[in-house]
Amino acid sequence: MKTLRNLQGPALTLALLCALWLIVIVGLLALRPSVFNLGTVTTILQFSTILALVGLGQALVILAGGAGIDLSVGGAVSLSAIIAMLCVKLGLPPVLLPVVCILAGAVLGALNGWLVNGLALLPFIATLGTFFVYSGAALAVTGGAAQAGVPSWLLVWGRGVVMGIPMPFLTLAIPCFVLAGLVLISTAWGRWIYAMGFNERSAKLVGIPVDRVRFILYCLSGALAGAAGLVSLAWLGSGRPNIGQNLELESLTAAMLGGIVITGGRGGVGGVFAAVLLLVTLKTGLLQLNINTVWQVGIVGALLVFVLLADRLSQRWRS
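Conventions used here
Residues numbered from 1 in each chain as written. Predicted model: local features only at pLDDT ≥ 70, side-chain atom pairs only at ≥ 80, totals over all residues. Heavy atoms only, no water. UniProt positions renumbered as here; feature names shortened; annotations may be inferred. Helix = DSSP H or I, 4+ residues; strand = E, 2+ residues; numbered from the N terminus. Expected span 1.5 Å × (residues − 1). Axes fitted to C-alpha atoms, helices over the stretch in contact; angles between N-to-C directions. Parallel < 35°, antiparallel > 145°, perpendicular 65-115°, else oblique. Left-handed = near helix turned anticlockwise from the far one by under 90°. Contact = heavy atoms within 4.5 Å. Salt bridge = Lys/Arg side-chain N within 4 Å of Asp/Glu carboxyl O. Buried < 20%, exposed > 50% of the residue type's maximum accessible area, 1.4 Å probe, protein only.

Going by an unreviewed UniProt entry, the protein carries the name Autoinducer 2 import system permease protein LsrC and comes from Rhizobium loti. Per its UniProt entry, the protein bears the Subunit (unreviewed entry) comment "The complex is composed of two ATP-binding proteins (LsrA), two transmembrane proteins (LsrC and LsrD) and a solute-binding protein (LsrB)."

Student: Which parts of the structure should I look at to understand helix 4 (residues 97–118)?
Tutor: Helical geometry note: an α-helix holds 3.6 residues per turn, so side chains three or four residues apart project in the same direction. For helix 4, which comprises 22 residues, the first-to-last C-alpha distance of 30 Å matches the rise-based estimate of 32 Å (1.5 Å per residue) to within 8%. Downstream of helix 4 by a residue or two, A120 has a phi angle that is positive, lying close to 60°.

Student: Would you explain the packing of helix 2 (residues 38–63) against helix 7 (residues 167–186) in this entry?
Tutor: When two helices pack together, their arrangement is given by the angle between the helix axes and the distance between those axes. At a minimum axis separation of 9 Å, helix 2 and helix 7 run at an interaxial angle of 20°. Between helix 2 and helix 7, the angle falls in the class roughly parallel. Crossing hand, helix 2 versus helix 7: left-handed. Packed against helix 2, whose contacting residues are L45, Q46, S48, T49, A52, L53, L56, L60 and L63, the element helix 7 presents P168, F169, L172, A173, C176, F177, A180 and L184 at the interface.

Student: In this structure, what is going on with the pattern of salt bridges? I would like to understand it.
Tutor: Where charged atoms of side chains with opposite charge meet at close range, the side chains can pair. A full pass over the atoms with the stated rule returns 3 salt bridges. Residue E200 pairs with K204 through a salt bridge whose shortest N-O separation is 3.7 Å. Here K204 and E200 lie together in helix 9 (residues 200–205), a separation of 4 residues that amounts to about one turn. Looking at E200, the relative accessible area reads 23%, which means it is partly exposed. In this structure, K283 engages E250 in a salt bridge whose closest nitrogen and oxygen atoms are separated by 2.6 Å.

Written as structure tokens, this is what we have:
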């Protein structure tokens, strides 16, 4: 019952985001009817795949409370992709590239979990530090140059399209969100995560392995960042050391816009998925309209404030 109550607010947030998404589409079409075509939709979904995977990991870490946050996700995306490409160049069978990419991300996430749990560092400070380490390492080992050599069979998947929907979005992003939603709603793990976010001390008193769950969530966030790095390799055809730039802030925006409360314990992944689509659609449309990047950032920020205010007013109305 507590889990269902925790999901009532996110349901309203999801409805609001869907309404805003339709308003954005209608507004952009009114300003420039040629903005949206099949190619644009495919591009939006392709960009959404990377942000959605990173945003999902970010959302799960925040949802578990304990001041949890993962600011290293952008650096983890870049470094995991670079590690995988360097391993292939050193003789790793190309068929293992996806495994290495995701595993590298999981190891980077495990380092975050160890810093937060083992050394009791504040998550904000720990993951901010690893963000600079991961991003710097990706640039240092490559000299800032893209790493070519992605196998052709991976490009077929990364650039494949089914009825305008990119294959990575269809076969990776959607299944990950569906699985995460099911875990949160219908499993003990989901109830543990909500309980930790709601009251960590009480969660420990009832026997929930808080430290172990949080460590696993950081590993999962890293693995999802590695999966996003894999998508970037399969789509762009090379490992780019700066591919994760700004993903830490965009994933945090998507999580908060999607109804994940920054203190944890309330929210759902459906809202995060909708927020990702809204953000990428809005940014793509503004880019098509030749809106200055500075204004784009301001518009996204105003949208975030509006949704948070609407959520706060809905809470007061329900109480």
